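Breakdown of the fold
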Amino acid sequence: MKDTLAGFYRILEDHYGPTGWWPGDTDLEVIVGAVLTQNTAWTNVEKALENLKRDGNLTFRALVQMPERDLAQRIRPSGYFNIKAKRLKALLNHIHERYGGDLRRMRRRPLPTLRKELLAINGIGPETADSILLYALGKTTFVVDAYTRRILSRHGLTEADIGYEELKGIFETRFDVDRHFYKEFHALLVYLGKDFCRKVPRCEECPVASKYPPVISTE
DNA sequence: CACCAGGCAAGTA
DNA sequence: TACTTGCATGGT
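Below is a short write-up of the structure.

This part is about the overall build of chain A. Counting its secondary structure elements, chain A contains 12 helices and 0 strands. For 219 residues, the compact-globule estimate of 2.2 N^0.38 gives 17 Å, and the C-alpha radius of gyration of chain A, at 18 Å, lies within 12% of that figure. Referenced to the eigenvectors of the C-alpha coordinate spread, the extents of chain A come out at roughly 50 × 35 × 30 Å. When burial is assessed residue by residue, chain A has 49% of its 219 residues classed as buried. Counting only contacts in chain A whose residues sit at least 6 apart along the sequence, the fraction spanning at least 24 positions is 63%. Of the roughly 11200 Å² that chain A leaves accessible, carbon and sulfur atoms contribute 48%. Seen as two clouds, the 34 positive and the 29 negative side-chain charges of chain A have centres 6 Å apart.

Below, the discussion takes up the nonpolar core. Most often, soluble globular proteins keep nonpolar side chains buried together rather than apart. By size, the foremost hydrophobic cluster in this structure holds 72 residues, and its most contacted members are Val32, Leu63, Ile75, Leu91, Leu118 and Phe185. Looking at which element gives the most residues to this core, the answer is helix H12 (residues 179-196), with 9 residues.

A few words now on the protein's contact with DNA strand B. Around DNA strand B there are 26 residues in total, and Trp21, Trp22, Gly125, Thr128 and Tyr147 lie nearest to it. Between DNA strand B and Asn39 there is a distance of 3.1 Å, counted from a sugar or linking oxygen to a backbone nitrogen or oxygen. A distance of 3.4 Å separates a base oxygen of DNA strand B from a polar side-chain atom of Arg87. Secondary structure elements with two or more residues in the surface near DNA strand B: helix H9 (126-136), helix H10 (146-154) and H12. When residues of the surface near DNA strand B are assigned to their parent elements, the largest contribution, 4 residues, is made by H9. Residue classes in the surface near DNA strand B are distributed as 10 nonpolar, 9 polar and 7 charged.

In this section: helix H8 (residues 111-119). Every buried residue belonging to H8 is among Leu114, Arg115, Glu117 and Leu118, and all of these are buried. Relative to the axis of H8, the buried residues are bounded by an arc of 160° and lie together on one face.

Here we come to the protein's contact with DNA strand C. Residues in contact with DNA strand C, as listed here, are Asn44, Lys47, Arg76, Pro77, Gly79, Tyr80, Phe81, Asn82 and Ile83. When the atoms of DNA strand C within 4 Å of the protein are grouped by moiety, sugar and phosphate amount to 54% of the total. With respect to DNA strand C, the side chain of Lys47 contributes an N or O atom lying 3.2 Å from a phosphate oxygen. Looking at the surface near DNA strand C element by element, the count peaks at 3 residues for helix H6 (residues 81-99). In the surface near DNA strand C, the residues fall into 4 nonpolar, 3 polar and 2 charged.

Since the α-helix packs 3.6 residues into each turn, any two residues three or four apart lie on the same face. For H10, a buried count of 7 out of 9 residues is recorded, marking the element as mostly surrounded by other parts of the structure. For H10, the full list of buried residues reads Tyr147, Thr148, Arg150, Ile151, Leu152, Ser153 and Arg154. Looking at the buried side of H10, the elements it contacts are helix H1 (2-16), helix H11 (164-173) and H12. Phi turns positive, to about 75°, at Gly156, one or two residues after H10.

Moving on to the packing of H9 against H11. Pairs of packed helices are described in terms of their axes, by the angle between the two and the distance that separates them. Two numbers describe how H9 lies on H11: the axes approach to 11 Å, and their chain directions differ by 35°. Taking contact as the criterion, the partners of Pro126, Glu127 and Asp130 in H9 are, on H11, Tyr164, Glu165 and Lys168.

Cut-off values and rules
- Residues numbered from 1 in each chain as written.
- Chains lettered and ligands numbered in written order.
- Predicted model: local features only at pLDDT ≥ 70, side-chain atom pairs only at ≥ 80, totals over all residues.
- Heavy atoms only, no water.
- Helix = DSSP H or I, 4+ residues; strand = E, 2+ residues; numbered from the N terminus.
- Rg over C-alpha atoms; globule rule 2.2 N^0.38 Å.
- Buried < 20%, exposed > 50% of the residue type's maximum accessible area, 1.4 Å probe, protein only.
- Contact = heavy atoms within 4.5 Å.
- Areas by Shrake-Rupley, 256 points an atom, 1.4 Å probe, with all protein chains shown as cover.
- Lys, Arg positive; Asp, Glu negative; His and termini not counted.
- Charge placed at Lys NZ, Arg CZ, Asp CG, Glu CD.
- Core = buried A, V, L, I, M, F, W, Y, C linked by side-chain atoms within 4.5 Å.
- Near = heavy atom within 4 Å.
- Polar contact = N/O pair within 3.5 Å; in protein donor to acceptor, adjacent residues only side chain to side chain.
- Nonpolar A, V, L, I, M, F, W, Y, C, P; charged D, E, K, R; others polar.
- Arc of directions from axis to C-beta.
- Axes fitted to C-alpha atoms, helices over the stretch in contact; angles between N-to-C directions.

So yeah, pure geometry; function would need other evidence.
Encoded structure:
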């Protein structure tokens, strides 16, 4: 598996890299985007982020002070806007109360502690937590998403219903620990997924398919 | 028109 | 524990 993932990475990096992920000007934007993109196309998230940026509301202070109903209306294009407003409030309130809204202070705490903290917040599951930890807080933790699972499954490397932590472990134990590598690999998997590994596949042109042939129908 | 998108939590049995 | 359902907009 180690050699296979290394092979995947080389092909993807040659094809797409370097990616420069996560797309966002600030760490706060990465955090907000991580919640807004839950089960949602990124183009819709961009519209919501633009609504916040336009009037200077993409700051920690503005978001903490903004009433939940107002926030919900501003993030409306990202879908699930009522529940996402509640989730953002819960997350930002936590950072406000525990760290005074200071991400540098938050960053000093160890990874396992921060991960448990984030997962305890209503609306923050494993993917959202790991995205924030890796891309906003600079922690060395791998992000698993729907594309990661679908790509490995379609190429016959894992079961389609493999659990989050187990799949994460495959990436984290088989490679040298390096957060830059984790950032880039996850980004590359998303690029490949968007282009060739959607639910309706286009395996013919997949750059990985020649060396790692897709399995016909295992999902 | 139907289906899908970088999840997550609450409800049911 | 293991499944199912609600949440909602915008693109294809």
